[in-house]
Every structure is written in C-alpha cells, then in structure tokens.
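# Summary of the model geometry
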Amino acid sequence: MSSAEPEHPVDSANPAFRARPADAAQAADQASGETLSTLQDAPVEQPLPVDTSVFDEQTVRLAREIVPRYPGSRSALLPMLHLVQSVQGHISQAGIVFCAQQLGLTTAQVSAVVTFYSMYKRKPSGEHLVSVCTNALCAALGGDEIYARLGERLGSAEAPLGQEETAGEPGTPGSVTLEHVECLAACDLAPVVQVNYEYFDKQTVESAIELVDALRRGERPVPTRGAPLTSWRDTEMQLAGFFGEPEVLQAAVDAPSTSEETMVGARLAERRGWQAPPMPDDSPLPPVPDKK
Amino acid sequence: MTQSPTSPPTSPRTSPLTPVLTRRWLSPRSWSIDTYTQLEGYAAMRKALDSHPDQLIQLIKDSGLRGRGGAGFPAGMKWGFIPQGEDGPGAKPKYLVVNADEGEPGTCKDVPLMMADPHSLIEGCIITSYAVRAHECFIYVRGEVPHCLRRVRNAVDEAYAAGYLGSDILGSGFDLDIVVHAGAGCYEAGEETALLDSLEGRTAQPRLKPPFPATKGLYSAPTVVNNVETIATVPYIVSGGSEWFRSMGTEKSPGPKIYSVSGHVERPGQYEAPLGTTLRELLELVGGMRDGIPLKFWTPGGSSTPLLTAEHLDVPLDFEGTAEVGSMLGTTAIMVFNETVSVPWAVMKWTEFYKHESCGKCTPCREGTYWLTHILQRMVRREGTPSDVDTMLDVCDNILGRSFCALGDGAVSPITSGIKYFRQEFLDLCKEQPDVAQPEQQAELAGVRP
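All values derive from a computational prediction rather than experimental measurement.

### Some details on the layout of surface pockets
Estimated volume of the second largest pocket: approximately 800 Å³. Together, 44 residues line the second largest pocket, and Ser118(A), His180(A), Glu182(A), His356(B) and Glu357(B) are the ones closest to its centre. For the lining of the second largest pocket, the secondary-structure elements that each account for two or more residues are helix 7 (107–116), helix 9 (143–154) and strand 3 (176–181) of chain A together with helix 12 (343–357) and helix 13 (363–380) of chain B. Per-class residue counts for the lining of the second largest pocket are 15 nonpolar, 15 polar and 14 charged. In this structure, the lining of the second largest pocket is formed jointly by two domains, domain 1 (9–122) and domain 2 (128–231) of chain A, each of which donates at least three residues.

Next comes the structure, spelled out in structure tokens:
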C-alpha cells in the first residue's frame, strides 16, 4: 500500500522518528533499569517454530521504524500490534511471535498485551468493523436496539450475529464484523456507530441497517466525522503511525470533523455576542521565584 | 421540571458562555497551522520561550488552573513537583505525557477539541515541556479515534515544518520532540499510571502510588501527565495572565471549562462556560429538556461522578459545589436523562461497563464489579429481592477506597447514588420476588417441605 513507501518523507524528516543518540538511549535504559520488573521481563524462552513469513520485508522494515520513536523499545509493542493487524486482519500466533522477535520479548509478554486490549482481534475479521456504542447514554437513545437489529440483519432473526462475529468470509470484500463497544466519546451525538473507527453520528435503527447493507454490497458510505472509508486493515496501519504520503494524509486530515453539536456553544455565543473577558494588552509573567 | 423563567441566566461577572478554547472552532480549516497562527496562535509559545521556566510554573500556580481530566489537581503544583537540577533525580530525562485517552462515559470534549483545534494542544505541549524541562512529549490518543490521530499528527508535522518543534526551537536553545501514540481500546489506560504502563508497551494496569509520576513516571523518570484540555488551556493563560484567567469561574475553580451536555435535551453539544455555571443555566442554553419531558437524573462529570437529580439544578458546577452535594465535577460530562429512563437499568449498564473495563489487578474491583453486575442484571430481570439493595451497598463499601485506583471508586458511584435518590425504584423491581427472609421460602430453599 502507498503508506508503506520506503521514502516516507514526513517520517524521515521528523526528528522524533530518527534513531536517538546513544547517550539518550543509555539514560533511558538506566532509568528503566530501576523498575522491579526488569528481571522477570528478561526474555528467556527459545523462539517457537511458528511460520512468520506472512510478515514480509516491507512489514519488517515498518516494524523497525516504529522502535526508534520511543526511548524504550517495548513502547513500540502497541503500534506494532496494530501493524500486525493491518497485515493479517487479526493477531495470530505468528503475529505474537513476530512482535516478540522484533522487540526481544517473550510470547507470553506479548500475549498478555494482546488479550488485554479490546481493539486487538484474536480471530480473522471482516473488511469492515462496525462498532455500536451500548453504554448507558447511547443505549437509552437507541444504541441497544441498533446493536440487536444489526445482529439480526447481519445474521438472522434466529441466529443473530454475536460479539465480534463476522458476516461473510472474513477478509473478503463486503465482509462485516460486528461488535458492541463502550463509550466512544461522542455522547452529544448519540447514538453513535463507528465503521473502521470513523464516526457515523446520530444513528437510527433504519440508518444503521442501511449502513451495514451498503457495506455488505461493497459500497463505502461517507462518515459523518472522519476520513472516507477504506478498510479496517487500512485504519490499523494508521494506528501504527503510518499515514501514507503527505498528500494522502492531508486529504484525510481535511475530511469532515465538525457537527452542529461540536459547534453549538460557539455558534450561540457568536449569535448573542458573548465573549470571554478581553485579555489585557500586556500581561507580564511573574518574577522568577526565589529558590528555597 | 421546575425551571423558573425569572432565574438569572448569567453569572454576574461574565457572559453565560466564554469561548476561549472553542473560540477558533468556527473558523474555516480551524485545524490548520495557517488558521491557528492567523488567530494569534503560537504567540504564547514565543512569550514562554523568552521567559525562565520557573516563571511559567509560577504563572500556572497563580492562575489556579486545575486538571481538566477529572481529579482537578492543581496543574502548576504538579509541574512544580518535577525534580530539577544538574545532578540527582533532576538529572534524569523528563517527559510530558498528554492523556488523550478520553473514555469516561459521557465525556466528549477532548475528541472534538483535538479535531477542531489540535494546534492549541501542540502549543500547550511546547510551553509545558519548556516549563518542566522535558525534551520529549507523548500524546496518548485512544485508538478508536483515528481522525483525532490524523489531525494531531498533521499538526505535529506542521509544527516541525514551522520550526516550532525539533532542536533549538526559534533559536531558544530548547529542543522538543512530540510523538503521537495510539492506544488499543482500554478505559483503564486513562488512569495516569496505567497510561504510563500502557505507553511502555504493557497491559494498562495502575501502579502503586507513591512514587508518583512526578518522580518515577515514564521509564521511571520524572513525568508530567496532564489531560488534553488542561494542556490546551495553558497558552491562553500565558497570553492573558493569571488575573485574566481568574476573571472567569470561581475563586477555587477558576477559568472557562467545556461542558459537554448530552442526552434528553433539545440541543446537546459542547458549551464553554465559566466554572461554577449551574445545570439550570446550561439547560436554558441548550433549549431545555427534549420534548418537554421532565428531568429525572443527571451526572455532573461522567458516570464515575455520583448521580444528581432535579433538586440539584442550582448547584454551581465547579470542584467545590459538586463536592458539597456529595458528587464530583469530573470531566463536566453532563449526561441528562428524562423520566422515561429506569435508574436501575442505567446503573446496570454502567456497572457492566466497569466490570468490562476493570483491569483485574486488584480483588475488590475485579470481583466486586463482577458480582455487582450479576446482582443488577438479576434485579432488572425482576428476579431480585429487596435484600439485594443492601448486598450491593455492602459490596460497594468493600470497593470504595479499597481499590488500587479510582476505577473502583467510580464503579460504585452510580450504584450508591442511584440507591440514595431512587431506592424505591430498585425495590419496586422486587415486588414479584419476595425476600428470602420469608420463612416459607427459606424452608423451600433448604429443601424442607412445610
């Protein structure tokens, strides 16, 4: 994919993503050496005979690009797992071994992280991931009903689709994985549904059914807030920190983000002429306090 | 609802709404560096870089800025705890970590802020890092909001290109790099020490405090962890001064605050008003209750802050006012529920959330939320008994203050406050299930036929 071009100009120009000087790394190592967990974290196991060839040279290169963003290599684990999902559409045992090898961790250490976080999927997922908020507020405004009806629509009335189950063959065009999730931080726009984590705000049962029907037909409806849909795996690549060429990122950045709800307070203030008190022309900083 | 049309809608000193953080949100491409700089953006950074870092810490202390992530800890004091100096603990690298893992039910202010005005966050990061002498800053954004990640990452790229990040920023000799990091779906990662563990590539579980992050934070080095809204407020204080900041809000809770009003109201959304604004005032701004159906209960700052009712319309929504009525300001996430919503049902939904998000590290929270969920589900299925209410309160008593972090305390808030104000509603669910204390039922349970 385009986001994986070797001459990624933004990253290479960005000092944060260059290898750090040896002294800084050493200082960080010394600092982390004080944690009690260092001993038990030392990798001791032999690599398992698991075929990791699905992760090609390109993926290895990207994985290695993640590491120098951080003072400690283990910090690269969460983004690296997003990278693994962008390749495989879930996190397999091979993905766990791959990350363990890249970061010098045990597979147990990686597995613990994989099973802890809800965005890491343990079985192959659909081209699209549909997440329905069923926390109290969204549920009271229709989220529970939306989730129930989508389950029936994507499965059947007798056997509705369950949590993280997929309609269609996982990975094939038009396949859709359904999940209910906790608060998505869009409560003013409830009830909220996400497709590949892009927002579809203020849904009804009807609009949500239309949405998944369109996804099943291979269409890509336009999110209320967020970039145009591609696939869940593409979004996972972005969560790993790879946003593609600058012009690709710029186009996605400029995709819609605001809603009437976001602006409602600012608009009301503008209409009524309400403002914060004016700042003084000059406000000197306090003097340097005396050292005790 | 008992809304009186004569109640004064404005606090005496300022307008009812005081757009500071939300001031640029209506501008075209408000997320771009061009719009931001046209509207006085990055002027505070220049002023800050010309100053002594300790002046900035003193300024934020003087301003009374309190953390916007829920706990309300004074930000300047937090910065002041970072050890400084050439040797000893001050010699370690220092970090700024921005908590952008917004996930508290009801809370929806940081996501729109990062989408609409990411440069205010970046400018705040530069000033804060300069003040605490950090040269690396991490913005931990929850994974489920890639559009925020794009906007923030783009803002970081633009700031590097403008020379506001990197080495020797604007010839000041100050270096700063910012890394934008995506989470992976975990509420507990919003707890500051769990966030640090998560950022270190581990499961997001809280650390024992002390030591606090100020001395042993990220990679065991001195670390400031602040919420998005807190950091985004910093540039305005640097520009306007502490007196100006204190001209909004109350004595102990100064400044403007983004109130996120959601639920059964006519115009839900983001309303930036001085701290101390009341729900009655906010309801007037949002056009009242939806379809005129009366208010039943609401949260002042997310599901972890105890519920309030229509009795509390005139409580000043600041740190002190909410505490006085036994709740908390939290994140000013005002979820409004009307009379159609069952309190036990809503409490069950929230408890299911806490059970799902409990990290499993400590027993009271892990086991307590599990059993509370079962009891509440049973009650909502109308299979509960009146004694379940006391059982729940007993379990809550064993979680509150006995858990490793605030998640446990938050988990009991909806239950204890729900029972406090709506006990009869819980009992009404049990009408068809008499208490097991009745002798004939006890005999039956014991297998003894009367």
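Here the narrative resumes.
### Describing the pattern of salt bridges
The full count for this structure, using the stated rule, is 35 salt bridges over all chains. The residue Arg267(A) makes a salt bridge to Glu260(A) at a minimum N-O spacing of 3.3 Å. Note that Glu200(B) is salt-bridged to Arg207(B), the shortest N-O span being 2.9 Å. Across the pair, exposure class does not vary: Glu200(B) and Arg207(B) are buried alike. Look at the salt bridges and you will find they share partners, linking Lys78(B), Glu191(B), Glu192(B) and Lys209(B) into a network.

### Description of the sheet that holds strand 9 (residues 333–338) of chain B
All names here are of chain B. Spatially, five strands are ordered 6-5-9-7-8 in an open sheet, and the strand pairing comes out mixed. At either end of the open sheet lies a strand with only one pairing partner, and these are strand 6 (269–274) and strand 8 (308–309). Pairing of strand 5 (residues 256–263) with strand 6 involves six bridges; the strand directions are antiparallel. Note on strand 6: the bridge partner recorded for Tyr259 is Tyr271.

### Things to note about the packing of helix 6 (residues 118–132) of chain B against helix 7 (residues 146–161) of chain B
All names here are of chain B. Interaxial distance between helix 6 and helix 7 falls to 9 Å at its minimum, and their mutual angle equals 55°. Put simply, helix 6 runs oblique to helix 7. Considering how the two elements wind past one another, helix 6 and helix 7 form a crossing that is right-handed. The residues of helix 7 that touch helix 6, namely those facing Pro118, His119 and Ile122, are Arg151, Val152, Ala155, Val156, Glu158 and Ala159. Considering only residue class, the contact of helix 6 with helix 7 consists of six nonpolar, one polar and two charged.

### Overview of the side chain of Glu123(B)
Residue and element names in this part refer to chain B. Note on placement: Glu123 falls in helix 6. Arg24 provides the closest opposite charge to the buried, unpaired Glu123, separated from it by 5.5 Å. Reaching out from Glu123, the side chain makes a polar contact with the backbone nitrogen of Met45 at a distance of 2.8 Å. Each residue touching Glu123, except ones within four places of it in the same chain, is listed here: Tyr36, Gly41, Tyr42, Ala43, Ala44, Met45 and Pro235.

### Re the interface of chain B and chain A
Interfaces are often sized by the accessible area lost when the parts come together. Facing the 103 residues of chain B at the interface are 92 residues of chain A. Of all residues in chain B, the largest losses of buried area upon contact with chain A belong to Leu26(B), Arg150(B) and Arg153(B), amounting jointly to 10% of the total for that side. Our enumeration of links across chain B and chain A arrives at three salt bridges. Among the ionic pairs, Lys349(B) bridges to Asp144(A), the shortest N-O distance being 2.8 Å. At the surface where chain B touches chain A, the tally comes to 34 residue pairs in polar contact (both at pLDDT 80 or more). Here the side of chain B that touches chain A takes nine residues from helix 7 of chain B, the largest share from any one element. Its residues assigned to classes, the side of chain B that touches chain A comprises 47 nonpolar, 33 polar and 23 charged.

Analysis parameters
- Every chain is numbered on its own, with residues counted from 1 as its sequence reads.
- Naming scheme: in the order in which they are written, chains are lettered from A and ligands are numbered from 1.
- Whole-chain, interface and lining totals are the exception, using all residues; otherwise, since this is a predicted model, local features are given only for residues with pLDDT of at least 70 and side-chain atom pairs are given and counted only at 80 or more.
- Working from all heavy atoms in the structure, the side-chain values ignore hydrogens and water.
- Here the term cavity refers to a set of points on a 1 Å grid, laid over the protein atoms alone, in which a 1.4 Å probe fits but cannot get out; the term pocket refers to an open set having protein on both sides within 12 Å along at least five of seven lines, with lining residues being those that place an atom within 4 Å of a point.
- Grid points are joined across faces, edges and corners, and a volume is the space filled by probe spheres set on the points.
- A run of H or I in DSSP counts as a helix once it spans at least four residues, and a run of E counts as a strand once it spans at least two, with each numbered from the N terminus.
- Here the nonpolar group is Ala, Val, Leu, Ile, Met, Phe, Trp, Tyr, Cys and Pro; Asp, Glu, Lys and Arg are the charged ones; every other residue, Gly included, is treated as polar.
- Boundaries of every domain are those given by an automatic assignment or by a domain database.
- Salt bridges are counted wherever a side-chain nitrogen of Lys or Arg sits within 4 Å of a carboxyl oxygen of Asp or Glu.
- For every residue, the accessible area obtained with a 1.4 Å probe (protein chains only) is divided by the maximum for its type, and the residue is called buried under 20%, exposed over 50%, and partly exposed between those limits.
- Here, a strand pair is defined by DSSP locating no fewer than two bridges between the strands.
- Convention adopted: a line fitted to C-alpha atoms gives each axis, helices being fitted over their contacting stretch, and angles between N-to-C directions are expressed from 0 to 180 degrees.
- Here roughly perpendicular refers to angles of 65 to 115 degrees, roughly parallel to angles under 35, roughly antiparallel to angles over 145, and oblique to all remaining angles.
- Working rule for handedness: look at the near helix, and if it is turned counterclockwise from the far one by less than a right angle, call the crossing left-handed; if clockwise, right-handed.
- It only takes one pair of heavy atoms within 4.5 Å for two residues to be counted as in contact.
- Counted as positive: Lys and Arg. Counted as negative: Asp and Glu, with His and the chain ends omitted from the count.
- Any N or O atom pair separated by 3.5 Å or less is treated as a polar contact, with the protein-specific requirement of one donor-capable and one acceptor-capable atom, and with residues adjacent in sequence counted only for side-chain atom pairs.
- Once two parts are joined, some of their accessible surface, as seen by a 1.4 Å probe, is lost; buried area is that loss totalled over both.

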